[in-house]
Amino acid sequence: MSITLYFAKLNLISDDIFKLYDSTEDIDTISAALYDAIKANKVWEKERFYIDENGEQRSSVIEYSAHILNVDSNTYVEGWLYKKSNLYYKTLDKQTNTLVQRSTGNTEGNRFVLDLKHGFIGYNTSTRFGYKEFIEAFVNIINLGEAALTYNYRYSISLCVSGINLEEIKKELNNIGRIKELKIRMQPPNPSDDLLDELKERCDGLVKDFKDANVTELEVLYSTKGSSGIDLNAPLVNEKINDIQGLYSGLPVEESTQKGYVSVEATSTSGRKYASGDSKPIKRIIECIECILEVCIDVFHQLK
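Definitions and limits used
Residues numbered from 1 in each chain as written. Predicted model: local features only at pLDDT ≥ 70, side-chain atom pairs only at ≥ 80, totals over all residues. Heavy atoms only, no water. 1 Å grid on protein atoms, 1.4 Å probe; cavity = no way out; pocket = protein on both sides within 12 Å on 5 of 7 lines; lining within 4 Å. Points joined across faces, edges and corners; volume = space filled by probe spheres on them. Helix = DSSP H or I, 4+ residues; strand = E, 2+ residues; numbered from the N terminus. Nonpolar A, V, L, I, M, F, W, Y, C, P; charged D, E, K, R; others polar.

Enquirer: Just checking my understanding: could you explain empty space enclosed by the protein for this structure?
Expert: One way to see where empty space is left: roll a probe the size of a water molecule over the atoms. Counted by the stated rule, this structure contains 2 cavities of 30 Å³ or more. Taken as a whole, the largest cavity encloses approximately 220 Å³ of empty space. Along the walls of the largest cavity sit 18 residues, with Leu20, Lys117, His118, Gly119 and Asn190 positioned nearest its centre. Of all the elements in the fold, those that place two or more residues in the lining of the largest cavity are β1 (3-12), α1 (16-22), α2 (27-39) and α5 (193-201). The leading source of residues in the lining of the largest cavity is α2, at 4 residues.

Encoded structure:
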């Protein structure tokens, strides 16, 4: 049976990222802390709301946890991410001849491989544990572990997608019709080794502005109540959209969108949505779960 792998990237959103722009000496320390955070066995809980058979709102708690299987070359962690929840179903009560709601415990598990030094994750999915739910749970478990161990490192996570350029983003925004809400998010890149070497020699563009201001994340939100929508060509909006290509001179927009350094989200007046982070997720198909480490390492090298 074929198994689909998805890929994501952890990005530092604490100001430790700026230290790496000056010196890469802390990479091993950050990697070790990341490993410790997973090994801390923290459980992330998420409350889920649902309507019961009487039409009343109820809630249940979903628990997520990670388990390490092995570590390869002190770089690649292979493990499981578990989702423990209750499944609700209806059964026939023979005494009253009516349907009654019951629940049973259920645990789903997705296998993952994490590159400790570069933050890439490869993972499979299961019927009740999808690819977006996985990355939300994973980053929360990591940050809980970092906090519990009193590390200052904190992460965001983004799905790895086929990178798109500025003109493609503008085209997609125009295609969804009149826009009532537009959000642009940018953060300092967590780059490859080669780009880190460049940043030590030359830090320019918005990355320099981020570093000078000690800003680790920038979000701009435009909204309107007008029926004609936001004017994307107005300088107030268009200049900020164009800033996407000025993140750093050595970083193409395609790579920024692929690795989650830049994201653009929009909602039209008719309810249509666009998100740059949802476009064409990078996938690989494998025939057995035992192949996951080898395939993930190969993709990680391509993504660096």
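Enquirer: Looking at this structure, how should I read the layout of surface pockets?
Expert: Here the largest pocket is characterised by a volume of approximately 510 Å³. Along its surface, the largest pocket is lined by 22 residues, and Ile135, Ile157, Ser158, Leu159 and Glu265 are the ones closest to its centre. At the level of secondary structure, the elements contributing two or more residues to the lining of the largest pocket comprise α3 (131-148), β7 (155-159), β8 (179-186) and β10 (262-268). Here the lining of the largest pocket gets 5 residues from one element, more than from any other, and that element is α3. One number sums up the size of the second largest pocket: a volume of about 170 Å³. Ser162, Gly163, Ile164, Glu168, Lys171, Glu172, Tyr274, Ser279 and Lys280 are the residues that line the second largest pocket. Counting residues per element, the lining of the second largest pocket draws most heavily on helix α4 (residues 166-175), which supplies 3 residues. Taken together, the residues that form the lining of the second largest pocket break down as 2 nonpolar, 3 polar and 4 charged.

Take it as geometry only, folks, not as evidence of what the structure does.
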